[in-house]
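Survey of secondary and tertiary structure
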Amino acid sequence: MTGQAEDTKSQPTLLSSKLLLQHQAVEAALNRHVFVWKEIEKSQKRGISKTPRSHAVPVSEIVAIHHAEDEDHTKSKWDQKKKQQFSQLFPNSFTVFYVTRTKHHRWRCSEATFSCSSPELCEQWIQVTREQLSLLTNRPKRLLVYINPFGGKKRGRRIYEDKVAPVFQRAGVSADVIVTERANHARDHLTTEANLDQYDGVVCVGGDGMFSEILHGLVARTQNDNKVDQNRPDVELKPCMLRIGIIPAGSTDCICFATVGTNDPVTSALHIIIGDSQPMDVCSVHHNDVFLRYSVSLLGYGFYGDVLADSEKKRWLGPARYDLSGVKAFLCHNHYKGTVSFLPAEDNLGHPRDKLQCRFGCSICQHKQSSKEKLRETADEETAAEVSSSSSWKVICGKFIAINAANMSCACPRSPKGLSPSAHLADGTADLILVRKCSRLDFFRHLLRHTNTDDQFDHSFVEVHRVKKFHFEPLDPQPLLLENQSELPKKPGFCPMSSAQTTCIPSTAHSSWNCDGEILNHAAIQVSVHCQLIRLFARGIEEQQRV
Ligand SMILES: Nc1ncnc2c1ncn2[C@@H]1O[C@H](COP(=O)(O)OP(=O)(O)OP(=O)(O)O)[C@@H](O)[C@H]1O
Ligand SMILES: CCCCCCCCCCCCC/C=C/[C@@H](O)[C@H](CO)NC(=O)CCCCC
Ligand SMILES: [Ca+2]
């Protein structure tokens with residue numbers, strides 16, 4: 001038994017009584033950490049006696065407790081009617097709503113209704129349980145919600161109204177909702193207008209692009225308030241205080257998937273309600289000392305840049321645009337020349353191929369958090385900078401089909417283990433994946449491994465490094481259109497950038513960077529990972545439990 005479980009058991013009981021749960025007598029008890037109920041004697045059916053069952057719910061996973069007769073907006077009219085009939089038969093009843101786990105990391109809000117022998121006892125259960133819930137100070141009470149009505153399959157508004165708002169209401173979480181009217185509406189509102197003091201968190205209803213808006217708004221606001229200049233590539237950014245919740249309603253939703261384990265609105269709503277907290281690294285991207293953007297998931301040049309550039313013209317296709325553009329980019333089989341230089345991470349932060357996946361309670365991320373706190377306590381900024389630059393820069397020059405920096409696994413429904421399965425959410429590093437020029441068949445093999453259990457790094461043309469910073473410099477500065485191979489300049493050493501005779505995605509000397517689904521205007525970039533700059537209402541992926 002773990003220390004925590006022992007602690008839970010040894011807590012003094014706050015309340016204990018005999019109650020009725022659907023005609024079954026139970027002994028119910030509540031302490032600071034857990035609410036348990038145990039069947040007293042199991043009714044015998046056809047002479048077969050059944051072992052009494054018991055159930056334990058951590059207080060931290062209780063969503064709410066209400067009088068059984070209270071109105072419930074999550075219920076259909078028919079269920080409401082049944083509830084009223086039940087309340088007439090058993091007037092002194094309360095309902096406990098709590099988190100249950102189902103398959104594939106999905107959470108659901110379950111309920112159990114208990115009947116008491118007197119109205120006083122019923123009130124006492126509700127009051128004592130609510131007191132315990134009010135001690136959980138990490139739970140948000142007031143949220144600012146932004147909905148992108150056009151993300152993914154354009155279902156953001158419905159998803160929020162049908163699946164999320166009723167659960168928030170049940171949990172007593174209030175929300176101010178803004179349905180965005182244009183791109184960057186949420187970002188601008190957060191950066192300059194929103195009165196953030198009155199909120200305990202910001203919720204994003206949309207995809208990775210919408211999340212990116214919230215990220216940029218919150219990070220910019222925090223830096224502005226603290227007079228930190230985002231244009232300085234080496235500046236230490238101030239962490240954001242407000243947590244961000246993601247209700248997935250986009251096309252890839254990889255930030256939600258990689259931090260929760262599923263793209264399910266109700267699961268996300270429950271992580272928000274119970275006040276989960278997952279720190280996350282953020283990459284800053286600069287071009288010649290000018291700030292371009294932040295990234296939390298993928299910074300991809302070459303293949304993923306080309307996929308994105310093409311898919312933007314097909315937004316009307318919805319999520320399927322990525323499949324079509326993916327096939328096109330694969331057939332074009334472009335490669336790009338350039339120089340990548342990077343600052344490797346310290347050895348104690350693991351390796352992209354060590355198969356130590358970042359999971360709930362990840363020891364590597366937790367170690368990073370405590371050492372970061374220690375460093376803040378003991379060292380000044382200068383010492384911190386020295387520690388972080390103890391290893392030396394490496395330089396790699398070549399022809400690349402793809403250069404991908406994965407700040408986290410980038411797991412998503414298309415690739416359940418992600419671009420870099422062992423990348424960490426909050427370790428202050430990104431995994432830099434270099435896919436060198438290779439045959440189409442080899443690249444196909446590499447891509448295919450993103451969808452099965454084989455190691456996508458186990459190819460001679462792929463290398464992967466865990467890094468704290470990196471720079472990229474394209475080799476040929478001027479973009480070249482390759483409509484026809486014969487039009488190539490007769491430059492010594494010039495390498496045709498496309499092996500395709502007909503260019504389905506216009507092939508140039510440059511690709512573009514896909515920065516969390518947004519295209520960057522510059523190919524030459526400098527990137528730094530900022531450890532644990534933001535926090536999400538999530539906990540990382542839990543190890544799969546048998547349900
Ligand atoms: N009201 C709006 N009108 C037009 N565009 C919007 C609006 N609100 C937000 N956007 C923009 O829509 C873009 C796409 O949104 P979102 O990320 O929600 O969906 P997606 O691109 O389908 O999904 P994913 O990013 O997961 O692939 C974002 O870049 C965002 O800036
Ligand atoms: C033979 C079958 C091969 C299949 C290979 C599939 C590999 C899929 C890897 C997917 C990695 C997604 C990384 C996340 C990127 C997001 O920031 C971005 C915005 O939402 N999405 C895309 O760029 C969308 C990118 C879509 C790429 C197809
Ligand atoms: Ca990371």
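Residues numbered from 1 in each chain as written. Chains lettered and ligands numbered in written order. Predicted model: local features only at pLDDT ≥ 70, side-chain atom pairs only at ≥ 80, totals over all residues. Heavy atoms only, no water.

Looking at an unreviewed UniProt entry, one finds the protein named DAGKc domain-containing protein, with Oryzias javanicus as its source organism.

1. Section: the pairing of strand S7 (residues 107–115)
Sheet analysis places strand S1 (residues 13–21) next to S7, joined by two bridges and oriented antiparallel. The residue bridging leucine 20 from the neighbouring strand is serine 115, located in S7. As judged from the nine bridges shared by strand S6 (residues 93–101) and S7, these two strands associate in the antiparallel manner. Paired with phenylalanine 97 across the two strands is glutamate 111, which belongs to S7. Between S6 and S7, which follow one another and run antiparallel, lie five residues, and histidine 104 among them has a positive phi close to 55 degrees. (Pairing = 2+ DSSP bridges. Helix = DSSP H or I, 4+ residues; strand = E, 2+ residues; numbered from the N terminus.)

2. As for helix H3 (residues 119–134)
Note that an α-helix has 3.6 residues per turn; residues three or four places apart therefore point the same way. With 16 residues, H3 should cover 22 Å at 1.5 Å per step; its first-to-last C-alpha distance of 22 Å lies within 8% of that length. Within the span of H3, buried status applies to Leu121, Cys122, Trp125, Ile126, Val128, Thr129, Gln132 and Leu133. Buried positions along H3 lie against S1, strand S2 (24–31), strand S3 (34–39), strand S5 (62–67) and S6. (Expected span 1.5 Å × (residues − 1). Buried < 20%, exposed > 50% of the residue type's maximum accessible area, 1.4 Å probe, protein only. Contact = heavy atoms within 4.5 Å.)

3. A look at unusual backbone geometry
For lysine 154, which is not a glycine, the phi torsion comes out positive at approximately 60 degrees. Residue classification places lysine 154 among the exposed residues on the basis of a relative accessible area of 53%. At aspartate 289, a residue that is not glycine, the phi angle is positive and equals roughly 65 degrees. Within the element layout of this structure, aspartate 289 appears in the loop between strand S12 (278–287) and strand S13 (290–295).

4. Let's talk about the coordination of the calcium ion (ligand 3)
The coordination sphere of the calcium ion (ligand 3), as far as protein atoms go, consists of Asp281 (OD), Asn407 (O), His424 (O), Asp427 (OD) and Thr429 (O), spread over 2.3 to 2.8 Å. Written as a sequence motif, the donor residues of the calcium ion (ligand 3) are D-x125-N-x16-H-x2-D-x1-T. No difference in accessibility class separates aspartate 427 from threonine 429, as the two residues are buried. (Donors = N, O, S within 2.8 Å, 3.2 Å for Na, K, Ca; no water.)

5. Concerning the UniProt feature "domain: DAGKc" (unreviewed entry) in the protein
UniProt annotation of "domain: DAGKc" (unreviewed entry) refers to residues 138–289 when read in the numbering used here. For residues 138–289, the end-to-end C-alpha separation is 38 Å, with 38% helix and 22% strand making up the annotated structure. (UniProt positions renumbered as here; feature names shortened; annotations may be inferred.)

6. Considerations on the sheet that holds S1
Pairing in this open sheet of seven strands is antiparallel, and the strands run S4-S3-S2-S1-S7-S6-S5 from one edge to the other. Across the chains shown, the open sheet's two edge strands, defined by having one partner strand only, are strand S4 (54–58) and S5. Each neighbouring strand pair of the sheet contributes to a mean axis angle of 30 degrees, computed without reference to strand direction. Packed on one face of the sheet, H3 meets S1, S2, S3, S5 and S6 and runs near 155 degrees to S5. (Axes fitted to C-alpha atoms, helices over the stretch in contact; angles between N-to-C directions.)

7. Observations concerning the site of ligand 2
As a structural note, the neighbourhood of ligand 2 is formed by 17 residues, with Asp208, Thr252, Ser297, Asn514 and Asp516 the closest of them. Serine 297 is positioned such that a nitrogen or oxygen atom in its side chain is 3.2 Å from an oxygen atom of ligand 2. Asparagine 514 has a polar side-chain atom sitting 2.8 Å from an oxygen atom of ligand 2. Burial of ligand 2 by the surrounding chains reaches 87%, relative to a free accessible area of 690 Å². (Near = heavy atom within 4 Å. Polar contact = N/O pair within 3.5 Å; in protein donor to acceptor, adjacent residues only side chain to side chain. Areas by Shrake-Rupley, 256 points an atom, 1.4 Å probe, with all protein chains shown as cover.)

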